[in-house]
Amino acid sequence: MGDAVTIAKVQARGQVTVPQDIREACGVTPGSKLLFIQTGPERFECRVLPKRRSLREVAAQYTVAGVAPDLDQLREEMADDLVREMGLAEHES
């Protein structure tokens, strides 16, 4: 990875335009949040924060295709299996 050198000017209201090549390299898009970490006197590191996602978006990445199992039926089947494995009398529903 090469050392990129870019200079940007601070505007009167404290705004800085991040050069296009830097935005593209870092994945900075409108609305991105940047974190500035002081690493020494007059030295800062800039990191792009990940975009916030809704709970629905986060949950969607963990979903499994198909119909959810019936938990009561699963519990009943597990109880029946346990009764059989332990050689106990038939499980009563």
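Residues numbered from 1 in each chain as written. Predicted model: local features only at pLDDT ≥ 70, side-chain atom pairs only at ≥ 80, totals over all residues. Heavy atoms only, no water.

1. A look at the confidence of the model for the protein
Move 1: Confidence in the prediction for the protein averages 86 pLDDT; 91% of positions are at 70 or higher.
Move 2: Within the protein, the lowest mean pLDDT, 84, falls on helix 2 (residues 55-60), and the highest, 94, falls on strand 1 (residues 34-40). (pLDDT = per-residue confidence, 0-100. Helix = DSSP H or I, 4+ residues; strand = E, 2+ residues; numbered from the N terminus.)

2. Some remarks on the pattern of salt bridges
Move 1: With the rule as written, the count across this model stands at three salt bridges.
Move 2: Note that Arg-84 and Asp-81 form a salt bridge whose closest N and O atoms lie 2.4 Å from each other. With Arg-84 and Asp-81 both in helix 3 (residues 71-86) and three residues apart, the pair spans about one turn of that helix.
Move 3: Looking at Arg-84, the relative accessible area reads 54%, which means it is exposed. (Salt bridge = Lys/Arg side-chain N within 4 Å of Asp/Glu carboxyl O. Buried < 20%, exposed > 50% of the residue type's maximum accessible area, 1.4 Å probe, protein only.)

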